[in-house]
Structures are given as structure tokens and as C-alpha cells.
Amino acid sequence: MTTSEMLQRARRAVPAVAALTAEERTAALCAMADALEAGADRILAANAADCAAAEGKISPVMIDRLMLNEARIAAMAQGIREVAALPDPLGRVISSSVRPNGLCIERVSVPLGVIGIIYESRPNVTSDAAALCFKSGNVCVLKPGKEAAASASAIVGLLKEALLPFGAADAVNIPEDTSRAAAAEMMAAVGLIDVLIPRGGAGLIRACVTGSKVPCIQTGTGICHVYVDAAADQEMALKIIENAKTSRPSVCNAEEVCLVDRSIAPEFLPKLKKRLTDCRTAAGKPPVELRLCPESAVIIDGTPASDTDFDTEFLDYILAVKVVGGVKEAVGHISAHSTGHSDAIVTSDPSAAEYFLNTVDSAAVYHNASTRFTDGGEFGLGCEIGISTQKLHARGPMGLCELTSYKYVVRGSGQTR
């Protein structure tokens, strides 16, 4: 089947999917979760082929992002079940009023229609996106990167089999063409795709936002900062930074830049180097390479930071470090270099915390917590279809409500204008 034929089938499936009751969609989602677990061997075989083909072509942290095992498949299935258990996002009366002429006007939530998702080498995005789209009454078209093509195809095949008894097999779709041509065709599919959501690195997102003729929601690129204030609990700061940088460095909510107040830098930076480099090396864990501004390089050893290091999403065990002269300079640096994803302050000073939280213009801002919490599951959304870094329609982790629009339902008794 060509990509064009697949897109037309997806469009034709919209009325049938939208017509399913909340109970039918919930039952179908539970069947989708069961199908993933029952078909784990199929997924693992396809994933092994993907990982073998990618070996040596992408970094070890990206291989980890690509790799599936039984536990990760079980987590994918559990994610679908959690989405199934969430309240139905459709048919909600968002607002209502009765006009002086007697017209009753309601604003009611409805599906977006066909949602295209273009993403990179994370197979779990396939099931997360499918579940969220289906729960919200939408049809999805999923275009993974070539590294994850076999894994995603196996997952979609199982999901379609589960949806067949509900008459909704075409609710979840994947192009047979694994090349960029299929992505380009999706970007040009005016009238077939209602909204396009890119999920991946800066290059993918830029290509979609600038090249798409279909409305596009910008997501994902995360140059996330943690600012260690003069009044920080330094042990807390070290714990937060290690989690934000090393728990999973290949994801968009991982910390990429550490800002340190000048007054504590001589004391704190040696502790940071010990925690992220020396202790991790001694424990057999990957050490973090510190890219240092000139002022921090006088205090500790590391790699001199280049002009671009404070504007780079490393997605690796690399952290750019800069000394700043207080919370206002930290906010100024973030304003100049952040991608508007997630930024944090560590401090015991309430006024510094409030200044940071009120003036940093990012989708998620944190006080004394890791940026790694910017996630649909952690925010109680079940899972997410992406993290929007724009401001129109959706911002931050995108769950069910962000995959709906609304229409006005007007009830009258013969009124004319």
C-alpha cells in the first residue's frame, strides 16, 4: 500500500472511530494492551533486528533508547491500560450559556481527526501515541525513524489486530515506506491529516515546522537548565543534578546546562565534579563530561566550553557549566539559550524561587526538583504524545485534552436573526 493510499484509508476511518462509545474505546484499549504482551516475542524479534542494524551508527545512549525488553513492553502495555482508565475527554461541555433570545450555546470537546506523528528511535512512542489518539477518538498515522521501523511495524500490527473486532483497525496506521519521502508526503497531506506532531531532535522538529503544509505542533527539543542558587542546599542540588543529567540522558527533559551562583562556585563546583565524574567512574558508571565556561574552568578541570555548547541538546553524558552572578543573571541566560522546555532552580530562598518561577518562560518550571518530571505519566496524564514547547493550543506534556478540539452546539426553538 502506498503512503497516499494509507492516508486516504486513515481519513475514511475518522467517522467510525469518532462514533465509538467511551465504553467501546476503553474495551479496545484493554485489548490493545493485552495484544502487546501476548505478541512480545514478535516485537522483540523485530527490535533485535533494529538494534543490530543500528549498532555502530548511533550512540550507546540512543541504542538504549531504541532497545526493548520484556519489562519495557510490559510498561508499554501498562501505559495503554492507564490511558484506558482515564476519564473520557470527548463530549465534555467546556462552557455553556443561554442568550437573551433563548439560544442555548454549548462548547463541546471533539476529536481533532487524523493526527500524524513523526518521531525518532523510540518504539514506546508508537504505543503511547496510538493509545492517546484512540482514547480521544482520533485516527493516527505513525512515522518512526528508520532505526525503529521494524519495531514500530510489529507494534502497529498487533494493535491493528486488537482493533479489528471493534471495526477500527484503520485507527492506527504506519507507512510501509520507511524513507523520508513518507514523512514529506505526510507534511503535504492537506485535507488528509489535521495536525502533525514531530517528536525528536532539533533537526526533525525544524524540518516539520518549516516544511509542513499541515498545521504543526512544535515539541520536544530540551535545552534544560538547573540553576544552583547561593541559598541552595548543596547536597540536594547535587542529587537533583545527577538525576536530571544521568538517569536517562537521551531524553528531552534531561538537564543540559548547570548554572551556579558565583558566591558558592568555589565550594560547589569541586563537589559537582566529584559527584558526576570521579564517583561515577569509581562506581563503573559513565562519567559526565563537564564543558566549562572560563570562570568555572579556573576552579575545576574539564573541557573548555565552545560558543555553541550552551545552545546544544547533547542527549549524552555531557553537561555545560556556567558561573552566574545571581538569580537575575541566571534567568537572563536561560531567556537567551533555553528552548522553553523545562528549567529548575535549587534554593531555600523563597524570593529567589518566586522570581525564577514567575520570570522563566518555559513549559515547566521547577523549584527544588529534577527536570526529569516533565512527562505525561509523571503529570498524571497516563502517557504523552509529546511535550509542546509552543504556546498556542497546547503547552508542556500533551495528553488527552490536548488531542481534542471543540465545536459549538447551539439549541434553539425557532429563533431567526
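Provided above is the structure to which this section pertains.
All of the points below concern the structure found in this document. Here the structure is a predicted model, which is why all the values come from computation and not from measurement.

Residue position: Leu259 is located in strand E8 (residues 255-261). Take Leu259: its relative accessible area is 0%, and that puts it in the buried class. Taking the C-alpha atoms as reference, Leu259 lies 19 Å from Pro287; in sequence the two are 28 residues apart. Not counting residues within four places of it along the chain, the set of residues in contact with Leu259 comprises His225, Val226, Tyr227, Val228, Lys322, Val324, Ala330, His333 and Ile334.

Strand order in the open sheet formed by seven strands is E10-E9-E11-E8-E7-E12-E13, and the pairing between neighbours is parallel. What marks the edges here is a single partner per strand, and that holds for strand E10 (303-304) and strand E13 (364-367). Pairing of strand E7 (residues 224-228) with strand E12 (residues 342-346) involves four bridges; the strand directions are parallel. By the bridge assignment for E12, Val226 is matched with Ala344. Lying on the sheet, helix H11 (residues 234-246) is in contact with E7, E8, strand E11 (318-324) and E12; it crosses E8 at an angle near 160°. Against the sheet, helix H14 (residues 327-337) engages E7, E8, E11 and E12, with an angle of about 170° to E7.

The next subject is the layout of surface pockets. Leftover empty space is mapped by rolling, across the atoms, a probe with the size of a water molecule. As a volume, the largest pocket reaches approximately 690 Å³. Looking at the largest pocket, it is lined by 29 residues, and the ones nearest its centre are Arg122, Asn124, Asp128, Arg248 and Asp375. Elements represented by at least two residues in the lining of the largest pocket include exactly helix H5 (60-66), helix H6 (70-85) and helix H7 (124-135). The greatest single-element share of the lining of the largest pocket, amounting to six residues, is contributed by H6. Considering only residue class, the lining of the largest pocket consists of nine nonpolar, eight polar and twelve charged. The volume enclosed by the second largest pocket comes to roughly 580 Å³. In terms of lining, the second largest pocket is formed by 21 residues, of which the most central are Glu120, Gly145, Glu147, Arg180 and Leu204. Within the residue set of the lining of the second largest pocket, elements represented by two or more residues are strand E3 (114-119), helix H9 (180-187) and helix H10 (202-211).

With that settled, consider empty space enclosed by the protein. Considering all chains together, one arrives at one cavity of 30 Å³ or more under this definition. When its volume is computed, the largest cavity comes out at roughly 180 Å³. As for the largest cavity, its lining consists of 17 residues, and the residues nearest its centre are Arg65, Arg122, Arg199, Gly200 and Cys252. Of the residues assigned to the lining of the largest cavity, the class counts are six nonpolar, five polar and six charged.

The full count for this structure, using the stated rule, is zero disulfides. Here Cys258 stays unpaired: no disulfide links it, and the sulfur of Cys293, its closest cysteine neighbor, is 10 Å away. No disulfide involves Cys279; its nearest neighbouring cysteine sulfur is the one of Cys258, lying 16 Å away.

Structurally, the position occupied by Arg65 is in helix H5. Buried charge Arg65 goes without a salt bridge, the closest partner of opposite sign being Glu120 at 5.2 Å. Once residues within four sequence positions are removed from consideration, Arg65 is found in contact with Ser121, Arg122, Pro123, Arg248, Ser250, Val251 and Leu315.

With that out of the way, let us pick up the nonpolar core. In terms of nonpolar packing, the biggest core is built from 69 residues, with Met32, Ile117, Phe134, Leu142, Val172 and Ile385 touching the most fellow members. Broken down by element, the residue count for this core peaks at eight residues, all from helix H8 (residues 149-163). Not counting chain neighbours up to four residues away, the residues in contact with Phe134 comprise Val17, Leu20, Arg25, Ala28, Leu29, Met32, Leu163, Ala168 and Ala171.

The rules behind the values
Residues numbered from 1 in each chain as written. Predicted model: local features only at pLDDT ≥ 70, side-chain atom pairs only at ≥ 80, totals over all residues. Heavy atoms only, no water. Helix = DSSP H or I, 4+ residues; strand = E, 2+ residues; numbered from the N terminus. Buried < 20%, exposed > 50% of the residue type's maximum accessible area, 1.4 Å probe, protein only. Contact = heavy atoms within 4.5 Å. Pairing = 2+ DSSP bridges. Axes fitted to C-alpha atoms, helices over the stretch in contact; angles between N-to-C directions. 1 Å grid on protein atoms, 1.4 Å probe; cavity = no way out; pocket = protein on both sides within 12 Å on 5 of 7 lines; lining within 4 Å. Points joined across faces, edges and corners; volume = space filled by probe spheres on them. Nonpolar A, V, L, I, M, F, W, Y, C, P; charged D, E, K, R; others polar. Disulfide = S-S within 2.5 Å. Lys, Arg positive; Asp, Glu negative; His and termini not counted. Salt bridge = Lys/Arg side-chain N within 4 Å of Asp/Glu carboxyl O. Core = buried A, V, L, I, M, F, W, Y, C linked by side-chain atoms within 4.5 Å.

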